[in-house]
Amino acid sequence: MREFGYQRVSDVAGALAVLGADPDARFLGGGTNLVDLMKTGVERPARLVDVRELPLDGIESTKDGGLRIGATVTNSELAAHPEVRRRYPALTQAVLAGASGQLRNMATVGGNLLQRTRCGYFADVTKPCNKRAPGSGCPAIAGEHRNHAILGASDHCVAVHPSDMGVALTAFDAVVSYETTTGPGELPLADFYLPVGDTPHLETALPSGALITGVTLPPAPVAALSRYRKVRERASYAFAIGSVAAALDVRDGVVRDVRLALGAVASRPWRARAAERVLAGAPADGETFAAAADAELAAAEPLPHNGYKVTLMRNLVVAVLTELAEEATR
């Protein structure tokens, strides 16, 4: 590990000033991803700027009925908050599925959104990786890719984004707030993550030196009946091989509103817009749910060893939507 400096800050302006003065510095939240990558040599910051004491640790209702979540709120605090559990239960479920209790106590909302891929080639500095070393190649395409992307990938990168929280936030149209030395800004989560394309090393649309200050969830009555389902290779703490965040409003047997996002299938949390279009106004039954899943997965381009994900995700979407439809009629 490279020797590094450490500085704790107590206000946003001070945090931005420190980072602006040292281009090799990095913001540190819980460190549950960054510190791991420093140990392997993937990340080599000259200074860590600890932002955990910034006044960004609150969760509060917005005037229009949504929720504002501060960037330094821990995953444990987020999952346990009564308004999150009541209004956006799939978000609570996603956070609880995402890590062990010890990690949830440390990890922050802002850091969760910025976590890097868990691809083995990315984590091994002795291997080429376009995300880590642009232009060096993507050995996963011809190598180990069983858990890699089936949607939105490219010839330059087939890694997936590991966040569970991000999948639920994507389903509910979350908006990321940030600060820069020139002022504040916002990015809908749908625009926050960049398509992988031929520049997989460019992962988010955050301006250089920006500090995430919070995430806002707009009011979404449909989210009150929502679910997050994660499939993993072992029942204990593990990253997803496929996941679904879904919310459903059914009236008189017809889908009146729906939110659907998929995880562990692309380089970013994947909003299932094609599936949502099929579902809107259609009968809330297995035939419709299967047609919606097929519409979304029609764009899938699996590699030789991850084609199972197409079937897995189809079954997962149908199962979760069926459970929600049955619950809506009780």
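Remember, predicted model here, so these are calculated numbers, not experimental data.

Engineer: Where do I start with the state of the cysteines in this structure?
Structural biologist: Where two cysteines share a covalent bond between their sulfur atoms, that bond is called a disulfide. In total, this model carries zero disulfides according to the counting rule given. Cysteine cysteine 119 remains unbridged, with the sulfur of cysteine 129 as its closest cysteine sulfur at 6.0 Å.

Engineer: Explain the sheet that holds strand E9 (residues 226-232) here, please?
Structural biologist: Strand pairs in the sheet, formed through backbone hydrogen bonds, run parallel or antiparallel to each other. The sheet built from four strands is open, its strands ordered E9-E10-E11-E12 with antiparallel pairing. Strands with a single pairing partner mark the edges of an open sheet, and in this sheet they are E9 and strand E12 (270-271). Where strand E10 (residues 240-251) meets strand E11 (residues 254-263), nine bridges bridge the pair, whose relative direction is antiparallel. By the bridge assignment for E11, alanine 246 is matched with leucine 260.

Engineer: Honestly, the environment of leucine 262 in this entry has me stumped. Any pointers?
Structural biologist: Tracing the sequence through the fold places leucine 262 in strand E11. A relative accessible area of 2% means that leucine 262 is categorised as buried. For leucine 262 and glutamate 186, which are 76 residues apart along the polypeptide, the C-alpha to C-alpha distance reads 23 Å. Contact partners of leucine 262, with chain neighbours within four places excluded, come to Leu151, Val167, Ser243, Val244, Pro269, Trp270, Ala272, Glu296, Met313 and Val317.

Engineer: Looking at this model, I keep getting lost on the environment of leucine 169. Mind explaining?
Structural biologist: By the secondary structure assignment, leucine 169 is in helix H9 (residues 165-171). The exposure class of leucine 169 is buried, given its relative accessible area of 2%. For the pair leucine 169 and tyrosine 88, spaced 81 residues apart in sequence, the C-alpha separation works out to 9.4 Å. Beyond its immediate sequence surroundings of up to four residues, leucine 169 is in contact with Leu91, Leu113, Ala174, Leu189, Val215 and Leu217.

Engineer: Would you mind showing me how to read the environment of alanine 274 here?
Structural biologist: Inspection of the secondary structure assignment puts alanine 274 in helix H11 (residues 273-279). Separated by 22 residues in the primary sequence, alanine 274 and glutamate 296 place their C-alpha atoms 5.2 Å from one another. If near-sequence neighbours (up to four positions away) are discounted, alanine 274 is found in contact with Ala295 and Glu296.

Engineer: Looking at this structure, how should I read the side chain of arginine 104?
Structural biologist: Mapped onto the elements, arginine 104 comes out in helix H6 (residues 101-106). Apart from residues lying up to four places away in sequence, arginine 104 is in contact with Thr74, Asn75, Ser76, Val95, Leu96 and Ala99.

Engineer: Whenever I open this one, the nonpolar core confuses me. Can you help?
Structural biologist: Most often, soluble globular proteins have nonpolar side chains that are buried together. Among the nonpolar cores identified, the biggest contains 54 residues, and Leu78, Leu91, Leu169, Phe192 and Leu217 are the most heavily contacted of them. Residues within four places of leucine 91 in sequence aside, it is in contact with Ile69, Leu78, Val84, Met165, Ala168, Leu169, Phe172 and Leu217. Counting residues in each nonpolar core, the second largest holds 31 residues, with Ile150, Val244, Ala246 and Val265 among its members.

Engineer: Would you explain helix H1 (residues 12-21) in this entry?
Structural biologist: Residues three or four positions apart in an α-helix share a direction because the helix packs 3.6 residues into each turn. Buried within H1 we find Val12, Ala15, Leu16, Val18 and Leu19. The arc that holds every buried residue of H1, seen down its axis, measures 160°, which confines them to one face. Across from the buried face of H1, at angles greater than 90 degrees, the exposed residues are Ala13, Gly20 and Ala21. For H1, the secondary structure elements touched by its buried residues are strand E1 (5-8), strand E2 (25-28), strand E3 (47-50), strand E6 (175-180) and strand E8 (211-217). With a side-chain oxygen lying 3.3 Å from the backbone nitrogen of alanine 13, the N-terminal cap of H1 falls on aspartate 11.

Engineer: Help me understand the side chain of serine 154 in this model?
Structural biologist: Inspection of the secondary structure puts serine 154 in the loop between helix H8 (120-123) and H9. The class for serine 154 is buried, based on a relative accessible area of 17%. There is a polar contact of 3.0 Å between the side chain of serine 154 and the backbone nitrogen of histidine 156. Reaching out from serine 154, the side chain makes a polar contact with the backbone oxygen of glycine 197 at a distance of 2.6 Å. The residues touching serine 154, leaving out its near neighbours within four places in the chain, are Ile141, Val196 and Gly197.

Engineer: It is not clear to me how the sheet that holds E6 should be interpreted in this structure. Could you clarify?
Structural biologist: Strand order in the open sheet formed by five strands is E4-E5-E8-E6-E7, and the pairing between neighbours is antiparallel. Of all strands in the sheet, those with a lone pairing partner are strand E4 (59-61) and strand E7 (183-188), marking the two edges. Here the strands of the sheet are splayed against their neighbours by 25° on average, with no regard to which way each runs.

Engineer: Where do I start with helix H12 (residues 286-297) in this structure?
Structural biologist: Across its 12 residues, H12 extends 16 Å between first and last C-alpha, which sits within 8% of the 16 Å expected from 1.5 Å per residue. Where H12 is concerned, the buried positions are Thr288, Phe289, Ala290, Ala292, Ala293, Glu296 and Leu297.

Engineer: Even after reading the chapter, I still don't get the packing of aromatic side chains, so can you show me in this structure?
Structural biologist: In this description, a pair of aromatic rings is defined by centroid distance and the angle of the planes. Enumeration over the complete set of coordinates arrives at two aromatic pairs. Arranged with centres 5.6 Å apart and planes meeting at 55°, the rings of tyrosine 88 and phenylalanine 172 form a pair that is tilted. With a gap of 84 residues between them, tyrosine 88 in the loop between helix H4 (82-87) and helix H5 (89-98) and phenylalanine 172 in the loop between H9 and E6 connect regions that are remote in the sequence. Note on phenylalanine 192 and tyrosine 193: the rings are 4.9 Å apart at their centroids and 90° apart in plane angle, and the pair reads as edge-to-face. Residue classification places phenylalanine 192 among the buried residues on the basis of a relative accessible area of 0%. If you follow arginine 146 out to its NZ or CZ, it ends over the ring of tyrosine 308, 4.6 Å from the centre.

Analysis parameters
Residues numbered from 1 in each chain as written. Predicted model: local features only at pLDDT ≥ 70, side-chain atom pairs only at ≥ 80, totals over all residues. Heavy atoms only, no water. Disulfide = S-S within 2.5 Å. Pairing = 2+ DSSP bridges. Helix = DSSP H or I, 4+ residues; strand = E, 2+ residues; numbered from the N terminus. Buried < 20%, exposed > 50% of the residue type's maximum accessible area, 1.4 Å probe, protein only. Contact = heavy atoms within 4.5 Å. Core = buried A, V, L, I, M, F, W, Y, C linked by side-chain atoms within 4.5 Å. Arc of directions from axis to C-beta. Polar contact = N/O pair within 3.5 Å; in protein donor to acceptor, adjacent residues only side chain to side chain. Axes fitted to C-alpha atoms, helices over the stretch in contact; angles between N-to-C directions. Expected span 1.5 Å × (residues − 1). Phe/Tyr/Trp six-rings, centres within 6.5 Å; stacked < 30°, edge-to-face > 60°. Lys NZ or Arg CZ within 6 Å of the ring centre and 35° of its normal.

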